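Summary of the model geometry
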Amino acid sequence: MYFGTATNQEQWSNKEYTELMLEQFGSMTPANVQKWMYTEPEQGVFNYTAGDEFANYALKNKKVLLCDTLVWHQQYPSWLDEKTWTKKDLLNVIYQHVYNEVKHFKGRCFSWNVVNEALNEDGTWRQSLFYNVTGTDYIETAFLAASAADPRAQLYYNDYNIEYPGPKSAAVENMVKWLRSKHVKIDAVGLESHFIVGQAATEAQQQQQMQSYIDLGVQVVVSELDVRFETLPPTEAGLAQQTVDYQASINACIKVGKQCMGISVWDFDDEYSWIPSSFAGQGDADLWYANFTTTPAYTGVVSALEAG
Ligand code: G3I
């Protein structure tokens, strides 16, 4: 089981950050540079400069490289929105994009998040460009292209609020069943696990939901774990709760056994967290404070991992 982090190259000039990253984590996920807007900025023109730099750095430092992400309704290039697509043409564009990118990184990526966040909270399909033009065919096309380009990479569907039983996780289960019934390769479900202190799914809920996916014949990963405070600064009681919330995901993953392949946090130091720019006034979601001192949750995570 790996324990890793998402990161961005811009942060690596900070020596303190980089030393911690290399010392404490076993896997690395690029938080941005492999996304479609960066890798195919013009149709058919691929740019893997930053992605290669990331991948080579991770592998040179003996980290597992978790690749992210091929088809997502955010951070895709503007040319996709500037045309009116037929279903056939858009599916072709998706196939070419996914095939080209996965082929480029072939042999380096342990896994790919093939499709991200295709569902609404109520379990209906998200009205993205991809869905509006192709229905659900884009999902199948993306997975087919990825498996054709690198048959050995693990292929994931990745989403948030699917860590506990409910309509959205039920819809993910249906998606897995649908793809497997068509013999489309899908290896795991990525549980993003962006939680709020005191509102996280419990360990029992997470374990139950992980097992439901596993029972369908796929594995699971905790792919983007963080637990944010809605109001700052945190109280002592809040920090204790955050520790329990982090431990719930760690313990659930350990308890379901090797079918939970690993855990990644979505960056580890509050200085570089995505939270404050997306949720104004919220934060302190990570295992290290902005000044690179560890949080109580860090100690709790280490002891949960050691106990497992
Ligand atoms: O690249 C530009 C840069 O040129 C410009 O100067 C700067 C000014 O703000 O913006 C830069 O782009 C930012 C980009 O990250 C790269 O740093 C975007 O504004 C910013 O919106 C973007 O945020 C990313 C976010 O996805 C986009 O929705 C976060 O870094 C990234 O951590 C986050 O990751 C997502 C996962 O992919 C999916 N799950 C949720 C997770 C958190 O939102």
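One can find the structure itself at the top, above this paragraph.
Just so it is clear, the structure is predicted and the values come from calculations on it, not from any experiment.

What follows deals with unusual backbone geometry. With glycine set apart, most residues show a phi of negative sign, and most peptide bonds adopt trans. T69 follows D68 through a cis peptide bond whose omega is -5°. Inspection of the secondary structure puts T69 in strand β3 (residues 64-71). Even without a glycine there, the phi angle at K62 is positive, about 60°. Considering the arrangement of structural elements, one finds K62 in the loop between α3 (49-60) and β3.

This structure, assessed with the given rule, holds two disulfides. Through a disulfide, C67 is tied to C109; the S-S separation comes to 2.1 Å. Here the disulfide of C67 and C109 is left-handed, its torsion about the S-S bond being about -85°. On the criterion of sequence distance, the pair formed by C67 in strand β3 and C109 in the loop between α5 (87-104) and β4 (111-116) is long-range, its members being 42 residues apart. If the cysteines joined by disulfides in the chain are listed in sequence order, their pairing comes out as 1-2, 3-4.

Next up on the list: the nonpolar core. In this structure, V71, L80, W112, V115 and F143 are the most contacted members of the largest nonpolar core, which totals 87 residues. When residues of this core are assigned to their parent elements, the largest contribution, seven residues, is made by helix α7 (residues 137-149). Beyond its immediate sequence surroundings of up to four residues, V115 is in contact with V71, Y138, I139, A142, F143, Y156, Y157 and N158. Counting residues in hydrophobic clusters, the runner-up holds six residues, among them L66, Y156, V221 and M261.

By the criterion of burial, strand β1 (residues 2-7) is predominantly enclosed, with six of the six residues buried. The side-chain alternation of β1 yields two buried faces, one formed by Y2, G4 and A6 and the other by F3, T5 and T7. Sheet topology note: the β1/strand β9 (residues 260-265) ladder contains four bridges and is parallel. Looking at the pairing, F3 lines up with I263 of β9. The pairing of β1 with strand β2 (residues 27-30) spans four bridges and is parallel. Residue pairing in the sheet places T5 in a bridge with M28 of β2. Between the parallel elements β1 and β2, the chain passes through helix α1 (residues 15-24) in a crossover that is right-handed.

Definitions and limits used
- Residues numbered from 1 in each chain as written.
- Predicted model: local features only at pLDDT ≥ 70, side-chain atom pairs only at ≥ 80, totals over all residues.
- Heavy atoms only, no water.
- Helix = DSSP H or I, 4+ residues; strand = E, 2+ residues; numbered from the N terminus.
- Disulfide = S-S within 2.5 Å.
- Core = buried A, V, L, I, M, F, W, Y, C linked by side-chain atoms within 4.5 Å.
- Buried < 20%, exposed > 50% of the residue type's maximum accessible area, 1.4 Å probe, protein only.
- Contact = heavy atoms within 4.5 Å.
- Pairing = 2+ DSSP bridges.
- Right-handed = clockwise from strand over helix to strand, strands pointing away.

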